[in-house]
Amino acid sequence: MNREDVDLSVTLGKIRLKNPVMPASGTFGYGSEFADFINLEDLGAVIVKCITLKPRLGSFQHRMVEIPSGLLCTIGIQNVGVEKFIAEKLPYLRQFSTPVIVNIGGESIDDFARVTEILSKAKGIAGLEVNISCPNVEKGGMHFGVDPDATFEVIKAVRNSTDLTVISKLTPNVTDITIFAKACEEAGADAISLINGLVGMAIDINTRRSKLGKNLTGGVTGPWLKPTALRMVWQVAQVVNIPVIGIGGITGAEDALEFIIAGATAIEIGTYNLVDPRVMIKTIEGIKNYLTDNKLKSINALRGSIVLS
Amino acid sequence: MERHMGCGIGACLSCVCKVDKQNVLKYRDLKSSHIQFSPEVEFGYALVCKDGPVFNIEEVILDE
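Computed from a prediction, not measured in an experiment: that's the story for all the values here.

Draft legend 1. Up close: the packing of helix α2 (residues 109-121) of chain A against helix α3 (residues 148-160) of chain A. Residues and elements named next belong to chain A. Relative orientation of the contacting elements α2 and α3 amounts to 25°, with a least axis distance of 8 Å. Judged on the interaxial angle alone, α3 and α2 are roughly parallel. Crossing of α2 against α3: the hand is right-handed. Facing α2, whose interface residues are Ile109, Phe112, Ala113 and Thr116, α3 presents Glu153, Val154, Ala157 and Val158. Of the residues in the contact of α2 with α3, the class split is six nonpolar, one polar and one charged.

Okay, here's the thing in structure tokens:
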């Protein structure tokens, strides 16, 4: 079989991706930061940093700690706000044919609905990825994503405010992630992406303070997270009928293929973009080589092909 | 300034340094900086990887 005949394209809601590889929100800035290293045209989609209604300064300084095989970090959704994003960041992305997916956040259901409405009117956006790992100010700061009812309400509000493809990004900080996945599907999500970071902390034994300063805790990400993410993607893929996007510690094609075999339609690479800014390109090439070697014409033939016996 | 940097190219926003808005305006053209200020407050966060690592001491706020 000819390597060029391999079909890597996948579909997420209304979005047709030429390959299943995307950056995970927050590790790829607004896209232009990586232009010195890769051609954005080569990616399945570009997912930009989480955007909120108003600009946010984010967490206090001391936001990142390196841990064995990963990072502990808290950026606190620092972003320029939806208006400045549309005016100053989106025009750059419109020059590429690559679909743009905007990750969105909010502190209330109304925030999510309003940011959705504004982005839906802007040109050049294919989909929204809803970051439900945001503190719900109306409920004392508890994250939307750890309460199935709040998860349902947020996704429903976004769904009712847009015709764009809606992806719900799940947090792993819950007891049974399948309950949350089903809530998102019921609320009208077109796809589910998982997982976000697991909450953790690190202490400097000399000062006895958190290594994240006044932020105290952060999300743990990176390769050490992959087995947990893979298990959760596998669980979720069995209980929903919408596409699942695998995220968590992916460092190359082998990791990405594991997620696809577990049932993921597409994957996002996060922390490893910070180690190797060309990792997504290498992953796309590696997937293509694997399919060629295994005489598979389409990536869709591999999805969910895990052998359980 | 010294900070843990995630990406080193201005994308991850990890290596921030708290800076004073009025003093930053004395020394920098904001258009070519990566500093984000909130409209309500007089401070912002500069990126050590892009806006630094050298800062004027007057710019830096050392309370965090």
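Now that the structure has been shown, the text picks up again.
Draft legend 2. Structural context of the sheet that holds strand β8 (residues 127-131) of chain A. Residue and element names in this part refer to chain A. Taking strand neighbours across the sheet as the criterion, the eight strands line up as β3-β18-β17-β12-β11-β8-β7-β4 in an open arrangement whose pairing is parallel. The two strands at the open ends of the sheet, each matched to only one other strand, are β3 (21-23) and β4 (46-51). Strand-to-strand twist across the sheet, computed as the mean angle between neighbouring axes with direction ignored, equals 25°. Taken together, the three bridges between strand β12 (residues 191-194) and strand β17 (residues 244-247) define a ladder with parallel strand orientation. Paired with serine 193 across the bridge in β17 is isoleucine 245.

Draft legend 3. Inspection of the nonpolar core at higher detail. Residues and elements named next belong to chain A. Counting 111 residues, the largest nonpolar core has Leu128, Val130, Ile167, Ile192, Val233, Ala264 and Ile267 as the members making the most contacts within it. Considering each element in turn, this core owes the most residues, seven residues, to helix α5 (residues 226-239). Setting aside residues up to four positions removed in sequence, valine 233 forms contacts with Leu194, Val244, Gly246, Phe259, Ala262, Gly263 and Ala264.

Cut-offs applied
- Residues numbered from 1 in each chain as written.
- Chains lettered and ligands numbered in written order.
- Predicted model: local features only at pLDDT ≥ 70, side-chain atom pairs only at ≥ 80, totals over all residues.
- Axes fitted to C-alpha atoms, helices over the stretch in contact; angles between N-to-C directions.
- Helix = DSSP H or I, 4+ residues; strand = E, 2+ residues; numbered from the N terminus.
- Parallel < 35°, antiparallel > 145°, perpendicular 65-115°, else oblique.
- Left-handed = near helix turned anticlockwise from the far one by under 90°.
- Contact = placed C-beta atoms within 7 Å.
- Nonpolar A, V, L, I, M, F, W, Y, C, P; charged D, E, K, R; others polar.
- Pairing = 2+ DSSP bridges.
- Core = buried A, V, L, I, M, F, W, Y, C linked by C-beta atoms within 7 Å.
- Buried ≥ 20, exposed ≤ 12 C-beta atoms within 10 Å, placed from the backbone.

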